[in-house]
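Listed here are the chains, written in short residue letters.
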Amino acid sequence: MFACRNLNLSYKGNKILKDIHFHIPEGTVFCITGESGSGKSSLLKVINGIIPEITEAEISGEIKLNDMRLNEMDIAQRSRYISTVYQNPKTQFYCVESTDELAFPLENRNLPKDEMVKIIKKYTELLDTEKLLNRNIFSLSGGEKQLMAITSVMTMDNQVYLFDEPSASLDHHSIGLLKKCIAELKRKGKIVIIAEHRLYYLKEIMDYLAVLKEGKLEMISVEDLDHDKICRLKETYALRSFEEIRKEELLSDNPCYQIQMLNKTKNGEKDKNILKCKNFAQSFKNTKIMDIGEIGFSEGIYFIIGENGVGKSTFIKKMAKLLKGKGKSFYCGNEIKRSYEYISMVMQDVNYQIFTESVWSEISIVSQDDAKKERVLKELMLYDKKDSHPQSLSGGEKQRLMIALAIVSLKPIVILDEPTSGLCKGQMASTVKYLQKMKEEGKTVIVITHDYEFIKECKGVVYEFLNTI
């Protein structure tokens, strides 16, 4: 049995969690959802001890696992019972090589080598991550890093598993594998607590659902989740879809759908394309990971979809000249030599893009229009954080801040890599609104995403990258 009783959390006088109270038995999946910045990640960090051991804060109340008071344990002691997959998996890696990363927690428990090999084999097969073994972790895509982090915590066989937005960077196939792993943990009698916006893959396996709203946890019955009840829940709590949106649904509504194979171009109406990328090729350690003859974009919104590791982020990094290699980009017939003059980019890991000491200073890098900056920050629910350090924001809030920078920028090309990771339904709707506004302003907006709900809401041209190399 895991229980939180009268749990309160305050940070610099701001009360984030108020009288949180729940108890869940073994073999259950407990999903916590709610608006971006509502405190979901903070609750997980209180449970695993990061707050207050690493991040100082005021805490009251009790956290118990069976008869043990976790409040009295430090992080190292709690790690014997609790495993965590963080919102940004890069922050939890200790090794450079992927197989070493999977072995690291097992080595710390002094397991025999033969047993470690068996455990790693079991969970890499379960998660279909054998292809990620013996790889440089930092050469993996965002989704592949996410899968590696999930695999590493699965090997630890702890009693409690905490997942913070585990589906954020995963393709639909990988989300299916994640669902399978969570079901396996449930079958083995583990306690699984998940902070998540995407609910469709959890619908059939979660036992408890709670919404974190204004610091309080509102419990929702998941029994008999029929159509009418789901509609009421979505309307009452502004939740994201409980139903999976399949690629075929996007294609039926999208006559502009095109398949962009990595070694073959299939692209129409080239005379209308104001942005063209030609002869893009990229290799890593003599292995070709991208080879595109030509691909073009006109004004409007474009979505790039495809499996994890197929080269989507590599493509846009190459366009933005963040990677060296063969190929050139052209805008209105002119070669793009200084990408920063044309492109505003929101990266998958936005921590790479934070430079200043306040939200207002950050957005002021790209615009001096105070009225426009204020309006955008207010609409993205960030204006009350304008004096806060950007690194103190939640993952979803950082994402929204970078989107705000792209919105106020005057550059004609906007690139967003997984912009809805960490965003709730309301903030996704705001992002859709701004993408459509940028389209009306004549910008070319390129979005890499696995979020089909987002694509369906926004509408645009869909390119699918297929790995045929």
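Residues numbered from 1 in each chain as written. Predicted model: local features only at pLDDT ≥ 70, side-chain atom pairs only at ≥ 80, totals over all residues. Heavy atoms only, no water.

As annotated in an unreviewed UniProt entry, the chain carries the name ABC transporter domain-containing protein and is attributed to [Ruminococcus] torques CAG:61. Recorded in UniProt under Sequence similarities (unreviewed entry), the annotation for the chain is "Belongs to the ABC transporter superfamily." Entered under Function (unreviewed entry) in the UniProt record, the comment concerning the chain runs "Probably part of an ABC transporter complex. Responsible for energy coupling to the transport system." (UniProt positions renumbered as here; feature names shortened; annotations may be inferred.)

Inspection of the sheet shows strand β9 (residues 208-213) paired to strand β10 (residues 216-220) by five bridges, in the antiparallel sense. For L212, the partnering residue across the bridge sits in β10 and is L217. Linking β9 back to β10 in an antiparallel pair, the connection comprises two residues, with E214 at a positive phi of about 55°. (Pairing = 2+ DSSP bridges. Helix = DSSP H or I, 4+ residues; strand = E, 2+ residues; numbered from the N terminus.)

Here we take up the side chain of E453. Its location among the elements puts E453 in helix α15 (residues 452-458). Separated by 3.2 Å, the side chain of E453 and the backbone nitrogen of S241 make a polar contact. The residues touching E453, leaving out its near neighbours within four places in the chain, are R240, S241, I245, K425 and M428. (Polar contact = N/O pair within 3.5 Å; in protein donor to acceptor, adjacent residues only side chain to side chain. Contact = heavy atoms within 4.5 Å.)

So, on to the packing of aromatic side chains. Scanning all chains against the criterion turns up 14 aromatic pairs. Residues F297 and F315 carry aromatic rings whose centres are separated by 6.4 Å and whose planes lie at 40° to one another, so their mutual orientation is tilted. A residue pair is termed long-range when its members are at least 10 positions apart, and F297 in strand β13 (residues 287-297) and F315 in helix α10 (residues 312-319) qualify at 18 residues. Aromatic pair F297 and Y463: ring centres 5.6 Å apart, planes at 45°, arrangement tilted. Residue F297 is located in strand β13, and its partner Y463 is located in strand β20 (residues 461-466); the two are separated by 166 residues in the primary sequence. Here F297 matches Y463 in class, with each residue buried. Among the aromatic residues, those joined into a ring-pair cluster are F280, F297, Y302, F315, Y463 and F465. Between K318 and the ring centre of F280, over which it is positioned, the NZ or CZ distance is 5.4 Å. (Phe/Tyr/Trp six-rings, centres within 6.5 Å; stacked < 30°, edge-to-face > 60°. Buried < 20%, exposed > 50% of the residue type's maximum accessible area, 1.4 Å probe, protein only. Lys NZ or Arg CZ within 6 Å of the ring centre and 35° of its normal.)

Read from one edge to the other, the open sheet built from four strands follows the order β13-β12-β15-β16, with strand pairing classed as antiparallel. Two strands bound the open sheet, and with one partner strand each, they are β13 and β16 (334-335). As paired strands, strand β12 (residues 275-284) and β13 are joined by nine bridges and run antiparallel to one another. Bridge pairing links L275 to F297 in β13.

Under the counting rule described, the total for this entry stands at 26 salt bridges. Between E62 and R69 there is a salt bridge; the shortest N-O distance is 2.9 Å. A salt bridge links R187 to E184; its shortest N-O distance comes to 2.8 Å. Taken together, the positions of R187 and E184, both in helix α7 (residues 172-187) and three residues apart, correspond to about one turn of that helix. Exposure remark for R187: the relative accessible area of 60% places this residue in the exposed category. Residue E184 is classed as buried on the basis of its relative accessible area, which comes to 17%. (Salt bridge = Lys/Arg side-chain N within 4 Å of Asp/Glu carboxyl O.)

What follows concerns the domain arrangement of the chain. When the parts of a complex come together, some accessible area is lost, and that lost area is often used as the size of the interface. Here the chain is described as being made up of domain 1 (1-235) and domain 2 (245-464). Relative placement of domain 1 and domain 2: their C-alpha centres are 29 Å apart. Residue-level contacts link 21 residues of domain 1 with 26 residues of domain 2. For the domain 1 and domain 2 pair, buried surface summed over both sides reaches about 1,700 Å², with 48% attributable to carbon and sulfur atoms. (Domains from an automatic or database assignment. Buried area = accessible area lost by both parts, 1.4 Å probe.)

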